[in-house]
Amino acid sequence: MVSLAGVEKHFGALHVLQNINLKVMPREVVVVIGPSGSGKSTLCRTINRLETIDSGEIKVDGNRLPVEGSHLARLRADVGMVFQSFNLFDHKTILENIMLAPTKVRRTLRKQAEVEAMELLDRVGIAAQAHKFPAELSGGQQQRAAIARALAMRPKVMLFDEPTSALDPEMVNEVLNVMTDLAAEGMTMLVVTHEMGFARRAADRVVFMDRGQIVEENTPAAFFDSPQTDRAQAFLASVLTH
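Residues numbered from 1 in each chain as written. Predicted model: local features only at pLDDT ≥ 70, side-chain atom pairs only at ≥ 80, totals over all residues. Heavy atoms only, no water.

As annotated in an unreviewed UniProt entry, the chain is Amino acid ABC transporter ATP-binding protein from Arthrobacter silviterrae. UniProt lists a comment for the chain under the heading Subcellular location (unreviewed entry), and it reads "Cell membrane". In its Sequence similarities (unreviewed entry) section, the UniProt record describing the chain reads: "Belongs to the ABC transporter superfamily." (UniProt positions renumbered as here; feature names shortened; annotations may be inferred.)

Shown next as structure tokens:
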């Protein structure tokens with residue numbers, strides 16, 4: 001569903017992605033972990049061209065990533081993205097936020113879009129908040145609304161870039177539970193996260209990055225129980241002992 005081959009990316013003198021080769025198969029959940037500044041979020045953002053690459057090739061569902069224009073817009077419609085910050089429109093209700101892209105981009109009839117939006121809000125557990133504005137919701141509820149908004153476009157793959165890092169600790173699990181349900185339903189997902197419990201529980205494969213490189217990738221059980229590289233061992237020792 002997603003493939004990156006020989007991807008390179010610089011920010012000035014900083015080499016943030018170095019020869020990245022990665023495939024995400026249909027219905028697979030790949031969780032990308034690693035220390036801050038390792039290139040995880042940049043990798044995630046290149047997949048729908050929020051970040052350009054210097055060289056290499058990225059394909060989504062067999063199609064090479066377009067440079068710009070209507071072809072890129074169509075690809076982005078197939079790639080759902082959930083960010084650290086919720087990016088909801090403050091002046092629209094939660095229901096209106098979710099209906100916006102299907103009616104404007106997919107040309108879905110308004111009544112149908114409303115029915116589908118309510119189904120999605122029910123699916124993420126916040127149907128009762130449909131007619132409220134984002135500021136009236138907790139951070140966890142806003143992030144669940146953002147997930148519903150991404151799902152409203154019926155994406156082929158979902159990208160999550162640190163979706164719980166801006167949340168208070170008690171709100172983290174309500175978002176992770178929605179993501180775990182999505183994984184169980186067979187949604188193709190690439191998730192950048194610091195939540196090791198989610199990685200162990202929901203991932204088909206864990207990818208460990210450090211200093212712009214993929215250092216190690218394995219099943220969750222193999223990665224967490226017997227990491228193969230010194231860098232992965234040191235990382236896990238630091239995060240799992242706190």
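Peer 1: Would you mind going over unusual backbone geometry with me for this structure?
Peer 2: Its identity as a non-glycine residue notwithstanding, Arg49 has a phi of 65°, on the positive side. Topologically, Arg49 is positioned in the loop between α1 (40-46) and β4 (55-60). Positive phi, normally seen in glycine, also occurs at Glu162, with a value near 50°. Secondary-structure assignment places Glu162 in the loop between β7 (157-161) and α6 (169-184). (Helix = DSSP H or I, 4+ residues; strand = E, 2+ residues; numbered from the N terminus.)

Peer 1: Explanation requested: the pairing of strand β10 (residues 213-218) in the structure shown.
Peer 2: On a regular strand, one side chain projects to one face of the sheet and the next to the other, so that they alternate. Inspection of the sheet shows strand β9 (residues 205-210) paired to β10 by 5 bridges, in the antiparallel sense. Counted as the bridge partner of Asp210 is Gln213 from β10. (Pairing = 2+ DSSP bridges.)

Peer 1: Looking at this structure, how should I read the nonpolar core?
Peer 2: Buried together is how nonpolar side chains tend to be arranged in soluble globular proteins. Ile33, Ile147, Met158, Phe160, Met179 and Met189 are the most contacted members of the largest nonpolar core, which has 50 residues in total. At 8 residues, α6 tops the list of elements feeding residues into this core. Look past the residues within four positions of Met189 in its chain and what remains in contact with it is Val24, Glu28, Val29, Val30, Met158, Phe160, Met179, Leu182, Ala183 and Phe198. Within the second largest apolar cluster, 25 residues are counted, among which are Leu17, Val24, Val32 and Leu159. (Core = buried A, V, L, I, M, F, W, Y, C linked by side-chain atoms within 4.5 Å. Buried < 20%, exposed > 50% of the residue type's maximum accessible area, 1.4 Å probe, protein only. Contact = heavy atoms within 4.5 Å.)

Peer 1: What exactly am I supposed to notice about the pairing of strand β6 (residues 79-82) here?
Peer 2: The alternating pattern of β6 places Val79 and Met81 and Gly80 and Val82 on opposite faces, both of which are buried. Taken together, the 4 bridges between β6 and β7 define a ladder with parallel strand orientation. When the sheet's bridge partners are listed, Gly80 is paired in β7 with Met158.

Peer 1: Hey, could you run me through the UniProt feature "domain: ABC transporter" (unreviewed entry) in the chain in this one?
Peer 2: Summarizing the sequence annotation, UniProt attributes the feature "domain: ABC transporter" (unreviewed entry) to residues 2-236 in the numbering used throughout. A helix fraction of 38% and a strand fraction of 25% characterise residues 2-236, whose end C-alpha atoms lie 27 Å from each other.

Peer 1: Before we go on, may I ask you to explain the packing of helix α3 (residues 94-104) against helix α5 (residues 139-151) in this structure?
Peer 2: Geometry of a packed helix pair, given as the angle between the helix axes and the separation of the axes. Direction vectors running N to C along α3 and α5 enclose 25°, while the axes themselves pass 8 Å from each other. For the element pair α3 / α5, the angle class is roughly parallel. The two elements α3 and α5 meet at a crossing, and its hand is right-handed. Here Ile94, Asn97 and Ile98 of α3 lie close against α5, whose contacting residues are Ala145, Ala148 and Arg149. Looking at the contact of α3 with α5, its residues break down into 4 nonpolar, 1 polar and 1 charged. (Axes fitted to C-alpha atoms, helices over the stretch in contact; angles between N-to-C directions. Parallel < 35°, antiparallel > 145°, perpendicular 65-115°, else oblique. Left-handed = near helix turned anticlockwise from the far one by under 90°. Nonpolar A, V, L, I, M, F, W, Y, C, P; charged D, E, K, R; others polar.)

Peer 1: Sorry if this is basic, but what is going on with the sheet that holds strand β8 (residues 189-192) here?
Peer 2: The strands making up a sheet associate through hydrogen bonds between their backbones, and the pairing can be parallel or antiparallel. Spatially, β6-β7-β8-β3-β9-β10 is the arrangement adopted by the 6 strands of the open sheet, whose pairing is mixed. Of all strands in the sheet, those with a lone pairing partner are β6 and β10, marking the two edges. Averaged over all pairs of adjacent strands, the angle between their axes in this sheet comes to 20°, without regard to strand direction. In this sheet, β9 lies alongside strand β3 (residues 29-33) in parallel orientation, the contact comprising 4 bridges. Across the sheet, Val32 pairs through a bridge with Val207, a residue of β9. Sitting on the sheet, α5 is in contact with β6 and β7, with an inclination near 170° to β6.

Peer 1: Would you explain the packing of α3 against helix α4 (residues 110-123) in this entry?
Peer 2: Interhelical geometry of α3 versus α4 gives an angle of 125° and a closest axis separation of 9 Å. Viewed along their axes, α3 and α4 adopt a mutual orientation that is oblique. Read as a crossing pair, α3 and α4 show a hand that is right-handed. Residues Ile94, Leu95, Ile98, Met99 and Thr103 of α3 lie in contact with α4, whose contacting residues are Arg110, Ala113, Glu114, Ala117, Met118 and Leu121.

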